[in-house]
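Listed below are the residues making up each chain.
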Amino acid sequence: MAETTEKTIFMKNIALLLVSIWLGLAFYALLSQISNWLTSHHFEMSFFSHLEFFTIRVWLPWVVLTPVALKLATQFPVMPKNWLKALLLHAFFLLSLSIIAGLLISFHYHFFEDMAPGMETYQPWQHIGHFLFGDNLFLFNTIIYTILVTYMNIKHFAQIAQQKALIASQLNHQLIESQLQTLKMQINPHFLFNTLNVISVLVMKSEKDKATDMINLLSSFFRNSLDEKDQQWIPLQKELQHVEQYLAIEQVRFGDKISIVKNYDNAAMSIPVPSMLLQPLIENAMQHGLEQIEGKGQLSITCAIENEYLFIIISDDGAGCDLNDNNFKQGIGLSNVKSRLQQLYGTQHQFKINSNEFGGITVSLKLAINIEEEKQ
């Protein structure tokens, strides 16, 4: 229904545009007559003959050719990255359509109008040069074609702007949802109460320094979760700092049961990444992997740069899961991460989840470094 309405509006706009072009030609014919009246001593009114000329030989051919011009404008939009190529293509299309229009006018003139003396000896197609350049029809064709292409490009850019605004709105919504999901994680009994219990035990053991450190870690973790709430991108180093605060709290809880291995490329630390990107992945590794096993476990985080891409690999040797199981469902955290990456990076990223041979899960991210348009 909406598509039909949009198509109807588009057709009305094109009809209005063609009527406006005809009115413009009529106004030009009127100005031409006024000019002749002011400069000629023997002025003869010929407005309607001029209007007929412009209607039949300029406007009517473009009523037929307008769908073709609009199709070409849609298929080959003028964009900042390809403007020269697009303009050259449209110059070729303009010349081609002008020749077609000139042929239509020439054949109509040769077979259906009274030709000037001596013109009968010419072939029908030979009149095309006179009409296109002698009568300046090519100039009017250029103006009309430019109007049509400009209209379609304005429409195209308006659609892009609306799409980008929609994507930005969706991304902000997903960022807020990720933050709320993280906050929910922080304040639910599984995390917050266990953390407070560890603090209580440390106080009872008179390990006040460790208890103070734990409280500071928990406070910083809450604070950092909210600090970047209005930013879509943050440096990788800052994202890792937030993750490490979470892991530091978990390590106090589990002690030697969980070991953390970090392999960070220093050159990658300043690269912008989506805010709250890694937190859901780390939480999944801890909650659904390492916390579910009896013995010791290991979580490794690797960040490296290779061939203009940032590689982030998060691997654990925890309980794991069967990714091929029909009952396996990705949680909100993973779904949000995948959706945000798709909208922010498009085809310039990869997101993979694989089961490890000896248990656990590996999540691999491959993110393009140079996507400045999306990061602005």
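Up top is the structure.
Right, let's walk through the structure included here.

**Section: the overall build of the protein chain**
Broken down by element type, the protein chain carries eleven helices and seven strands. Residue pairs in contact within the protein chain that sit at least 24 positions apart in sequence constitute 72% of those at least 6 positions apart. Total accessible area computed for the protein chain in this model is approximately 21,900 Å², and 60% of it derives from carbon and sulfur atoms.

**Observations regarding the environment of Leu94**
Mapped onto the elements of the fold, Leu94 is located in helix α3 (residues 83–112). Sequence separation between Leu94 and Thr146 is 52 residues; the distance between their C-alpha atoms is 8.8 Å. When near neighbours in sequence (up to four residues on either side) are disregarded, Leu94 contacts Phe138, Asn141, Thr142 and Tyr145.

**Things to note about the packing of helix α8 (residues 236–254) against helix α9 (residues 279–287)**
Orientation of α8 relative to α9, taken along the N-to-C sense of each, is 25 degrees, at an axis distance of 10 Å. As far as their axial angle goes, α9 and α8 are roughly parallel. Viewed along their axes, α8 and α9 form a crossing whose handedness is right-handed. Note on element contacts: α9 touches α8 through Gln279, Ile282, Glu283 and Met286, opposite Glu239, His242, Val243, Tyr246, Leu247 and Glu250. Of the residues contributing to the contact of α8 with α9, the split by class is five nonpolar, two polar and three charged.

**Focus on the pattern of salt bridges**
A complete count under the given rule lists one salt bridge for this structure. The residue Glu244 makes a salt bridge to Lys262 at a minimum N-O spacing of 3.8 Å. Highlighted residues: Glu244 in helix α8 and Lys262 in strand β2 (residues 258–264), separated in sequence by 18 residues.

Rules of the game
- Residues numbered from 1 in each chain as written.
- Predicted model: local features only at pLDDT ≥ 70, side-chain atom pairs only at ≥ 80, totals over all residues.
- Heavy atoms only, no water.
- Helix = DSSP H or I, 4+ residues; strand = E, 2+ residues; numbered from the N terminus.
- Contact = heavy atoms within 4.5 Å.
- Areas by Shrake-Rupley, 256 points an atom, 1.4 Å probe, with all protein chains shown as cover.
- Axes fitted to C-alpha atoms, helices over the stretch in contact; angles between N-to-C directions.
- Parallel < 35°, antiparallel > 145°, perpendicular 65-115°, else oblique.
- Left-handed = near helix turned anticlockwise from the far one by under 90°.
- Nonpolar A, V, L, I, M, F, W, Y, C, P; charged D, E, K, R; others polar.
- Salt bridge = Lys/Arg side-chain N within 4 Å of Asp/Glu carboxyl O.

In short, shape yes, function no, at least from these values alone.
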